[in-house]
Amino acid sequence: MIIFDLACQHDHPFEGWFQSHEDFDHQLACGLIACPQCTSLEIRRVPSAVHLGLPTAAAAVPARPALPAAPVDLRSGALAALRQLTEMLLANCEDVGSDFAEEARRIHYVEAPERSIRGEASSEEYEALLEEGIEVFRLARLKPGDLH
Ligand SMILES: [Zn+2]
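Criteria and cut-off values
- Residues numbered from 1 in each chain as written.
- Predicted model: local features only at pLDDT ≥ 70, side-chain atom pairs only at ≥ 80, totals over all residues.
- Helix = DSSP H or I, 4+ residues; strand = E, 2+ residues; numbered from the N terminus.
- Buried ≥ 20, exposed ≤ 12 C-beta atoms within 10 Å, placed from the backbone.
- Core = buried A, V, L, I, M, F, W, Y, C linked by C-beta atoms within 7 Å.
- Pairing = 2+ DSSP bridges.
- Axes fitted to C-alpha atoms, helices over the stretch in contact; angles between N-to-C directions.
- Contact = placed C-beta atoms within 7 Å.
- Arc of directions from axis to C-beta.

To continue, consider the overall build of the protein. Along the backbone of the protein there are 5 helices and 5 strands. Start at the N end of the protein and walk to the C end: the helices and strands fall as β-β-α-β-α-α-β-α-β-α. Expressed as a percentage of the 148 residues in the protein, the buried residues total 11%.

Moving on, we come to the nonpolar core. Counting 6 residues, the largest nonpolar core consists of Leu 6, Cys 8, Phe 14, Ile 33, Cys 35 and Ile 43. By size, the runner-up hydrophobic cluster in this structure holds 5 residues, among which are Phe 100, Ala 101, Ala 121 and Leu 129.

Spatial strand order, 2-1-3: 3 strands in an open sheet with antiparallel pairing. The sheet terminates laterally at strand 2 (13-18) and strand 3 (43-45), the two strands that pair on one side only. Going across the sheet, the axis of each strand differs from the next one's by a mean of 45°, ignoring polarity. Note that strand 1 (residues 2-8) and strand 2 share 6 bridges and pair antiparallel. If you follow Ile 2 over to strand 2, its bridge partner there is Phe 18. Packing against the sheet, helix 1 (residues 21-29) makes contact with strand 1, strand 2 and strand 3, and its axis sits at approximately 120° to strand 2.

Of all the positions in helix 4 (residues 100-108), only Phe 100, Ala 101, Glu 103 and Ala 104 are classed as buried. Within helix 4, the buried residues cover an arc of 165° as seen down the axis, which keeps them to one side. Looking one or two residues beyond helix 4, the residue adopting positive phi is Val 110, at roughly 55°.

Function cannot be read off these values alone, since they describe shape.
This is the structure in structure tokens:
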């Protein structure tokens, strides 16, 4: 959203809010911008009073009602991604329960078929696995039902 300082042919100053420079040009060409004081359509841009350090001469008058931007909730997006990831893991990993650390080692040292597993490991086991160079990562302990 950008704000332009505008004036009509009678030098009535006002402000217009636009999506972009193109939006301004389009609205001007289509006669959609009218002076709020005399409804003249002879509108031109004037140098911004703010940039010149002058007091703003008129209150802001939107050329049209400003549309509120759609709210973007990043937090719910991240949660949805985590939920998807967790559900994918739950669906595709073999649950080895408390044998997780043992089984992860066997897979790493090719003593067991390579596959994705999940299970429970203590913090000590988790650290030990990482130190051995075994790729593990920890999720908060989740059951599918926890995420809904
Ligand atoms: Zn005017």
